[in-house]
Amino acid sequence: MIFLLAVAGFAALFFVFTVYLLYFRLVYGHASETQKYLQEIDGFQKSEVVLPPVSVIVNTYNEVKIVRRKLEDISRLDYPSDKLEVLVVDDCSSDETGALAEAALAEFKLNGKVLRTPRRLGLNASLNLAFEGASYDVVCVTDSDVMLDRDALRNAVTVLKCFEDAGGVTGKIMPVSSGATVASSSEDSYRSYYHRSMLSESSWHSAFPGNGPLIVFDKSVVSSSIPVFYGSTDANIAMNVVKSGKRFLYVPDALIFEPVPETVSQQKLQKVRRAKRLIQVFLHNIDVFGNKKYGKFGTLLFPVKFLVHVVCPFLAFFGAVLLSLFFVFSVVYVLQVGFVLFVSLFLVTLALVKRFRKFFVSFVFHQVYLLIGLFSSFRKSIYWKTIDRK
């Protein structure tokens, strides 16, 4: 009975991932619609587009080490400087982040200001404050610890304005690390997988949840207010876009250079936090599951991604525990021998095939992070802890 339950758990797990990986990434990912989507993006970026004014929002908390670098990076963007407003939100930092940001705005001749909160509000509440204070309808949210490619904002805004049904867009993360570690290798594999998934999902309808370090949306057609006590910025904004009747698109030429956690402990801190906040958005928007009102996103994309992010980590844990119990207590020695042979063959494959090894390690890590995130997702999520990286 234990063996059958374990097999059932793993069978359900592999069925969901087979549907997601094969259908969305391999079959549809190479279909004509994805190619058409990429060609449209390429065509938009080569065409002459009247760029709208943009409010760029950078949320900070004790970022004295990096805030100047971030504003210098914004000043180098290939975007008309007279059409940029930069709002730095200082979420009641205990260091000199706000003062340094004001000095950097003046130094790099950026039109903008520092918004100081009277007490620490947390990421989502701080962003809501900035959205209200933004002068322009087109809003760009970018993290303080990432660098943007010179053309990233121009490419993102161009797609947003040229796609008639687009309400928001996100960019592509390029992991940056100082050396090859287990954590950085895992992240490289994950980002490669995530890139192809986002492309396929944009071809269908919308890329969800997108990439938080760069999000651009039009608040004149999309609700800019996001929940204060739960959910990630990118997933909440993406959900606002979809619920407004628009699409949230992935722009692979809007490049974001993000530093990767150097150790597994740092990666765990970052990934569990992200998993928790993403799962909160899934759980609080369960009304989208199977809802024809939201087109293919509601009937196909959201249900499959809900299963992948919320259900599958539990199935993996459930199946692994039951299979281990069976192996320890079973008296059916033939099955035990078969299990040992299977595991041995699997380990040999991991040792010999580097690409498969990187994917498997990344898969296991992320299932663990999602599972921890699931169990902690029922608590309010307001503050974040900075990850100390080089």
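Residues numbered from 1 in each chain as written. Predicted model: local features only at pLDDT ≥ 70, side-chain atom pairs only at ≥ 80, totals over all residues. Heavy atoms only, no water.

1. Topic: the overall build of the protein chain
- Along the backbone of the protein chain there are 12 helices and 8 strands.
- Here the protein chain holds 390 residues, and 51% of them are scored as buried.
- Residue pairs in contact within the protein chain that sit at least 24 positions apart in sequence constitute 83% of those at least 6 positions apart.
- As presented, the protein chain carries roughly 17,900 Å² of accessible surface, and 63% of it is formed by carbon and sulfur atoms. (Helix = DSSP H or I, 4+ residues; strand = E, 2+ residues; numbered from the N terminus. Buried < 20%, exposed > 50% of the residue type's maximum accessible area, 1.4 Å probe, protein only. Contact = heavy atoms within 4.5 Å. Areas by Shrake-Rupley, 256 points an atom, 1.4 Å probe, with all protein chains shown as cover.)

2. As for the packing of helix 8 (residues 233-243) against helix 9 (residues 264-284)
- Running from N to C, helix 8 and helix 9 point in directions that differ by 25 degrees, and their axes come no closer than 8 Å. Here helix 9 runs roughly parallel to helix 8, going by the angle between their axes. Taken together, the residues of helix 9 that come into contact with helix 8 (itself represented by T233, A235, N236 and M239) are R277, L278 and V281. (Axes fitted to C-alpha atoms, helices over the stretch in contact; angles between N-to-C directions. Parallel < 35°, antiparallel > 145°, perpendicular 65-115°, else oblique.)

3. Considerations on the pairing of strand 4 (residues 138-142)
- Counting buried residues along strand 4, 5 of its 5 residues qualify, which places the element largely inside the surrounding structure.
- With burial as the criterion, each face of strand 4 is covered, one bearing V138, C140 and T142 and the other bearing V139 and V141.
- Summarising the sheet, strand 1 (residues 54-60) and strand 4 pair through 4 bridges and their orientation is parallel. In the strand pairing of strand 4, S55 is matched with V139.
- Where strand 4 lies against strand 7 (residues 214-218), 5 bridges are found, and the strand directions are antiparallel. From the neighbouring strand, V138 faces strand 7, where its bridge partner is D218. (Pairing = 2+ DSSP bridges.)

4. Here's the deal with the confidence of the model for the protein chain
- Summarising the model, the protein chain shows a mean pLDDT of 82, and 76% of its residues fall at 70 or more.
- Per-element mean pLDDT across the protein chain ranges from 55 in helix 1 (residues 2-27) up to 97 in strand 4. (pLDDT = per-residue confidence, 0-100.)

5. What about empty space enclosed by the protein?
- For the structure shown, the criterion picks out 1 cavity of 30 Å³ or more.
- In this structure, the largest cavity is lined by K172, I173, R191, Y194, H195, N211 and Y250.
- For the lining of the largest cavity, the secondary structure elements donating two or more residues are strand 6 (166-176) and helix 7 (182-204).
- With 3 residues, helix 7 is the largest single contributor of residues to the lining of the largest cavity.
- Residue classes in the lining of the largest cavity are distributed as 3 nonpolar, 2 polar and 2 charged. (1 Å grid on protein atoms, 1.4 Å probe; cavity = no way out; pocket = protein on both sides within 12 Å on 5 of 7 lines; lining within 4 Å. Points joined across faces, edges and corners; volume = space filled by probe spheres on them. Nonpolar A, V, L, I, M, F, W, Y, C, P; charged D, E, K, R; others polar.)

6. Focus on helix 4 (residues 97-107)
- Buried within helix 4 are the following residues: T97, G98, A101, A104 and L105. Each buried residue of helix 4 lies within a common arc of 125 degrees when the element is viewed along its axis, so the set occupies one face.
- One or two positions beyond helix 4, positive phi appears at K109, with a value near 55 degrees. (Arc of directions from axis to C-beta.)

7. Structural notes on the packing of aromatic side chains
- Scanning all chains against the criterion turns up 10 aromatic pairs.
- Taken together, a centroid distance of 5.3 Å and an interplanar angle of 50 degrees make the contact between F282 and F302 tilted. With F282 in helix 9 and F302 in helix 10 (residues 295-329), this pair connects stretches of sequence that are 20 residues apart. Take F282 and F302: they sit in the same class, and that class is buried.
- On the numbers, 6.0 Å between centres and 80 degrees between planes, the contact of F282 with F306 is edge-to-face. One end of the pair, F282, is in helix 9; the other, F306, is in helix 10, and 24 residues separate them in sequence. (Phe/Tyr/Trp six-rings, centres within 6.5 Å; stacked < 30°, edge-to-face > 60°.)

8. So, the pairing of strand 3 (residues 112-116)
- Relative to strand 3, strand 2 (residues 84-90) runs parallel, the two being bridged by 5 bridges. Within strand 3, the position partnered with L87 by the bridge is K113.
- As for the winding sense of the linkage, the β-α-β connection from strand 2 through helix 4 to strand 3 is right-handed. (Right-handed = clockwise from strand over helix to strand, strands pointing away.)

9. With respect to the sheet that holds strand 8 (residues 247-259)
- Taking strand neighbours across the sheet as the criterion, the 8 strands line up as 3-2-1-4-7-6-8-5 in an open arrangement whose pairing is mixed. Looking at which strands have only one partner, the edges of the open sheet turn out to be strand 3 and strand 5 (147-148).
- Relative to strand 8, strand 6 is paired through 9 bridges, and the arrangement is parallel. Bridge pairing in strand 8 links M174 to F257.
- Its contacts with the sheet put helix 8 on strand 4, strand 6, strand 7 and strand 8, and the angle it makes with strand 7 is roughly 25 degrees.

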